[in-house]
Amino acid sequence: MNLQQSLSHILANFKDAQKEDLTNHALARFIRNEFKNAIPAEFSGRYLVKSSPGQGVWAETPWLALMDPSMTKTTTQGVYVCYLFSADMTAVYLTLSQGISDHIRIHGKRGAYDVMEQRAQLHRNTLSRLGLKSDSLTLKMVDLKAKGWRSRAYGHNVIGYKKYTVGQLPTN
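Residues numbered from 1 in each chain as written. Predicted model: local features only at pLDDT ≥ 70, side-chain atom pairs only at ≥ 80, totals over all residues. Heavy atoms only, no water.

Trainee: I'm lost on the pairing of strand β2 (residues 63-67) in this one. Help?
Mentor: Strand residues, when the strand is regular, have side chains that alternate between the two faces of the sheet. Most of β2 is tucked away, with 5 of its 5 residues classed as buried. Burial along β2 is two-sided: W63, A65 and M67 and L64 and L66, pointing in opposite directions, are all buried. By the bridge criterion, 5 bridges tie strand β1 (residues 48-52) to β2 in an arrangement that is antiparallel. Considered in β2, the bridge of L48 is made with M67. (Buried < 20%, exposed > 50% of the residue type's maximum accessible area, 1.4 Å probe, protein only. Helix = DSSP H or I, 4+ residues; strand = E, 2+ residues; numbered from the N terminus. Pairing = 2+ DSSP bridges.)

Trainee: Hey, could you run me through the packing of aromatic side chains in this one?
Mentor: Here the distance between the centres and the angle between the planes together describe a pair of aromatic rings. Applying the stated rule across the entire model yields 4 aromatic pairs. Seen from their ring centres, F14 and W58 are 5.2 Å apart, and the 90° between their planes marks the pair as edge-to-face. Of the two residues, F14 is situated in helix α1 (residues 3-17) and W58 in the loop between β1 and β2; the sequence distance between them amounts to 44 residues. Taken together, F30, F35 and F85 form an aromatic cluster joined through their ring pairs. (Phe/Tyr/Trp six-rings, centres within 6.5 Å; stacked < 30°, edge-to-face > 60°.)

What follows is the structure, given as structure tokens:
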């Protein structure tokens, strides 16, 4: 499947899949193993690609991250590009994100939100000074329509995003 087909497949099937056991589920295997194959070779060859449908239980918001190994090798820290799905599966966001787990470990859940917001704003200010056009990336946090604290934290870790709804998914 290409990127558009992969995103569409997840958006169309994730809510139903969440009603079933994650272990050995076909969609969970797809997200973990095959989804990364939809990333064009010119990116997947230079970047680390990781994805998750959840660990042990379904995530509220699955994701796929592309990490420049010179900046970070994990989604727990650093800055990376990530496809984040909204909890209601009506949209997927191509985001510039920052790791959350280290912030939560150091500052606790509440403190981590504040630190992520402050750091995201510093990155946004830098991008604005560099002349990033607002039509290419929305420079603010994203509302993933999530209820769980971790998925809400994913929205707070976003530096900027481009939103794609079901009818306007990217082709590459």
